[in-house]
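For reference, the chains in residue letters:
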Amino acid sequence: MNFNRLNVAALAAEGYNGMTAVETYLHGALDAKLMSLVKLRVSQINGCAFCLHMHREEALKAGDTDARLNILNAWQESRMFTAKERAALTWAEALARIAEDRAEDETYAQVKAEFSDKEMADLTLCIAMINAWNRIAISMRFLHAADKAA
């Protein structure tokens, strides 16, 4: 990983390692394909090239397709996403835009209809984590693999 500004992993190792521990937990708690979709969508909203590159590769490894990933930014207009995926993407957008959306009760109820309490807690952690990672990667100017090659 290329840190163009500060090496947060080295300078704040305990905190960084704590974030990594949450990610390790989430990989056992959530479906990999669903988690990748959520991370990609939030990274689109936040404009994080590093995370977009990384999570697109993860999504493909988890069995997602180019067709779905290519239209993720307009998922509401597509029938290619399941009800559960649509609910997760709705929650991801609400939390990524929390200042505007406020995670309203109607949004919560819509999402909760597709997820158990435990799944909802894990999904919320996943969304919070990718928002945090996006902010670190963007602010420290992480370079993704394609940028390094260029």
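Residues numbered from 1 in each chain as written. Predicted model: local features only at pLDDT ≥ 70, side-chain atom pairs only at ≥ 80, totals over all residues. Heavy atoms only, no water.

Student: Quick question: what am I supposed to make of the pattern of salt bridges here?
Tutor: Opposite charge on two side chains makes pairing possible when the charged atoms of those side chains draw close. Within this structure, the stated rule accounts for 9 salt bridges. In this structure, the salt-bridge partner of R68 is D64, at a minimum N-O distance of 2.5 Å. Exposure class is identical for R68 and D64. Each is buried. Each of R41, E93 and R97 takes part in a single network of salt bridges with overlapping partners. (Salt bridge = Lys/Arg side-chain N within 4 Å of Asp/Glu carboxyl O. Buried < 20%, exposed > 50% of the residue type's maximum accessible area, 1.4 Å probe, protein only.)

Student: Hey, could you run me through the packing of aromatic side chains in this one?
Tutor: Aromatic ring pairs are defined here through the distance separating the ring centres and the angle between the ring planes. Taken as a whole, this structure holds 3 aromatic pairs when the rule is applied. A centroid spacing of 5.2 Å and a plane angle of 80 degrees characterise the contact between Y16 and W133, whose relative ring orientation is edge-to-face. Residue Y16 is located in helix α2 (residues 13-29), and its partner W133 is located in helix α9 (residues 117-139); the two are separated by 117 residues in the primary sequence. Accessibility classification places Y16 together with W133 in one group, the buried group. Note on F50 and F142: the rings are 5.2 Å apart at their centroids and 85 degrees apart in plane angle, and the pair reads as edge-to-face. Residue F50 is found in helix α4 (residues 49-61), and its partner F142 is found in the loop between α9 and α10 (145-149); the two are separated by 92 residues along the sequence. Taken as a pair, F50 and F142 share a single burial class, namely buried. (Phe/Tyr/Trp six-rings, centres within 6.5 Å; stacked < 30°, edge-to-face > 60°. Helix = DSSP H or I, 4+ residues; strand = E, 2+ residues; numbered from the N terminus.)

Student: Hey, could you run me through α4 in this one?
Tutor: An α-helical segment advances 3.6 residues per turn. Residues three or four places apart therefore align on the same side. In a regular helix each residue adds 1.5 Å, so 13 residues correspond to 18 Å; α4 covers 19 Å between its end C-alpha atoms and thus fits that length. Of the residues making up α4, those classed as buried are F50, C51, H55 and A59. Projected down its long axis, α4 shows its buried positions confined to an angular sector of 150 degrees, all on one face. G63 lies just past α4 and shows a positive phi near 105 degrees. (Expected span 1.5 Å × (residues − 1). Arc of directions from axis to C-beta.)

Student: So what exactly am I meant to see when it comes to the environment of E93 here?
Tutor: Looking at the secondary structure, you find E93 in helix α6 (residues 83-96). Accessibility expressed as a relative area gives 11% for E93, which makes it buried. C-alpha of E93 to C-alpha of I45: the two residues are 48 residues apart in sequence and 7.8 Å apart in space. When neighbours within four sequence positions are excluded, E93 is seen to be in contact with R41, I45, W75 and Q76. (Contact = heavy atoms within 4.5 Å.)

Student: Please clarify how the environment of A49 should be interpreted in this entry.
Tutor: Along the chain, A49 turns up in helix α4. Considering only alpha carbons, one finds A49 and E100, 51 residues apart in sequence, at a separation of 23 Å.

Student: Sorry, what's going on with helix α3 (residues 32-46) here?
Tutor: With 15 residues, α3 extends 21 Å from end C-alpha to end C-alpha; this agrees with the ideal 21 Å at 1.5 Å per step. Within α3, the full set of buried residues consists of L34, M35, S36, L37, V38, K39, L40, R41, V42 and S43. Of the surrounding elements, those touching the buried residues of α3 are α2, α4, α5 (66-70), α6 and α9. Looking one or two residues beyond α3, the residue adopting positive phi is G47, at roughly 70 degrees.

Student: I tried to follow the layout of surface pockets on my own but got confused; where do I start?
Tutor: Unoccupied space between atoms shows up once a probe the size of one water molecule is rolled over them. Estimated volume of the largest pocket: approximately 190 Å³. Along the wall of the largest pocket there are 14 residues; nearest its centre are E23, F50, M54, H55 and W133. Sorting the residues of the lining of the largest pocket by element identifies α2, α4 and α9 as the ones contributing at least two each. Split into classes, the residues belonging to the lining of the largest pocket amount to 9 nonpolar, 2 polar and 3 charged. (1 Å grid on protein atoms, 1.4 Å probe; cavity = no way out; pocket = protein on both sides within 12 Å on 5 of 7 lines; lining within 4 Å. Points joined across faces, edges and corners; volume = space filled by probe spheres on them. Nonpolar A, V, L, I, M, F, W, Y, C, P; charged D, E, K, R; others polar.)

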